[in-house]
Amino acid sequence: MDIKELESLIAKCLQDFYKRRLDIIEGLKLKNFIKRKNPYLLRALAMDKASDIVEYFLSAYIIASDETIFGDAFFEPIAKIVSGGTVSPTPGVDFAVETDKRYLAVAMKSGPNIFNASQKKRQSDEFNELRSRLLKIHKQFDALLGHAYGKLHTDPTKNKIYRDRSGQEFWTEITGDKEFYIKLIELMKEEPLKYRKEYQKSWGAAINRFTMEFINDFCLKDGTIDWNKFTIFVSEAKAAKSS
């Protein structure tokens, strides 16, 4: 893939990322994203303005959401296309790169956070499921958990079938280009600036909308936070169902 094609692909993936960001922020419901939040922490932080509480919660929600949707909208499609890969026939494996002698099965993650034991087992099980379906093709099966950034490097063990490769090492393996990981960020150029104004407008509208809703639902008549009501909303036991 030449530079112009890669730049165009990056722009397309960024457009998809920002569309998903807008869809999420415009479709959010206040009570859906605060129902698992910690009222005790907010009280301990002496937060007494509804707008501050809303922005605190919304920022945390969007940061977590961004990491997921950026992986889905940006890293994964780019990795599949530049590697010449095809969609995997089983869940838990994102794409595969097949040669005459080797079947490279790739599961993609954004960052290098290490899996816990149960996550490692689940990922190994998903790779094993794919391997069992491919026994008839008589090719080397190579399971790879790729991380778009970071430095995590592991090899298979008796408890996990796959290896981890991250950042420059991962992108070099699937593209053959040692500088690809740098090209990904350089070729964004000014593209993200195109979406800033529209996103900031939606962000401001969301803060205003949720602040009004929070005041209506969780503030007293004098405007102070009704911490009891907020804590009850988050933590009150569900009533037992009648038989």
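The structure under discussion appears in the preceding block.
Below, the structure is looked at part by part. Source: prediction; values computed, not measured. (Residues numbered from 1 in each chain as written. Predicted model: local features only at pLDDT ≥ 70, side-chain atom pairs only at ≥ 80, totals over all residues. Heavy atoms only, no water.)

### Digging into the pattern of salt bridges
Where charged atoms from two side chains of opposite charge come close, those side chains can pair. Under the defined criterion, the tally for this structure stands at 16 salt bridges. Its salt-bridge partner being Asp-142, residue Arg-163 comes within 2.7 Å of it at the nearest N-O pair. Here the residue Arg-163 occupies a position in strand 5 (residues 163-166), and Asp-142 occupies one in strand 4 (residues 140-147), the gap between them amounting to 21 residues. In this pair, the class of Arg-163 matches that of Asp-142, namely buried. Within this structure, Arg-102, Asp-142, Arg-163 and Glu-173 form a network of salt bridges that share partners. (Salt bridge = Lys/Arg side-chain N within 4 Å of Asp/Glu carboxyl O. Helix = DSSP H or I, 4+ residues; strand = E, 2+ residues; numbered from the N terminus. Buried < 20%, exposed > 50% of the residue type's maximum accessible area, 1.4 Å probe, protein only.)

### As for the environment of Lys-197
Tracing the backbone through its elements, the reader meets Lys-197 in helix 8 (residues 193-218). A relative accessible area of 71% places Lys-197 in the exposed class. In sequence terms Lys-197 and Val-82 are 115 residues apart; their C-alpha atoms lie 31 Å from each other.

### Some words on the packing of aromatic side chains
Using the criterion set out here, one finds 20 aromatic pairs in the structure. Between the aromatic rings of Tyr-103 and Phe-141, the centroid separation amounts to 6.2 Å while the plane-to-plane angle is 10°, which identifies the pairing as stacked. Of this pair, Tyr-103 sits in strand 3 (residues 102-109) while Phe-141 is found in strand 4, placing the two residues 38 residues apart along the sequence. Assigned by exposure class, Tyr-103 and Phe-141 land together as buried. Each member of the aromatic cluster is reached from another via a ring pair, and the members are Phe-17, Tyr-18, Phe-70, Phe-74, Phe-75, Phe-170, Trp-171, Phe-180 and Tyr-195. Lying across the ring of Tyr-162, Lys-160 places its NZ or CZ 4.6 Å from the centre. Cation over ring: Arg-209 sits above Phe-210, and NZ or CZ is 4.8 Å from the ring centre. (Phe/Tyr/Trp six-rings, centres within 6.5 Å; stacked < 30°, edge-to-face > 60°. Lys NZ or Arg CZ within 6 Å of the ring centre and 35° of its normal.)

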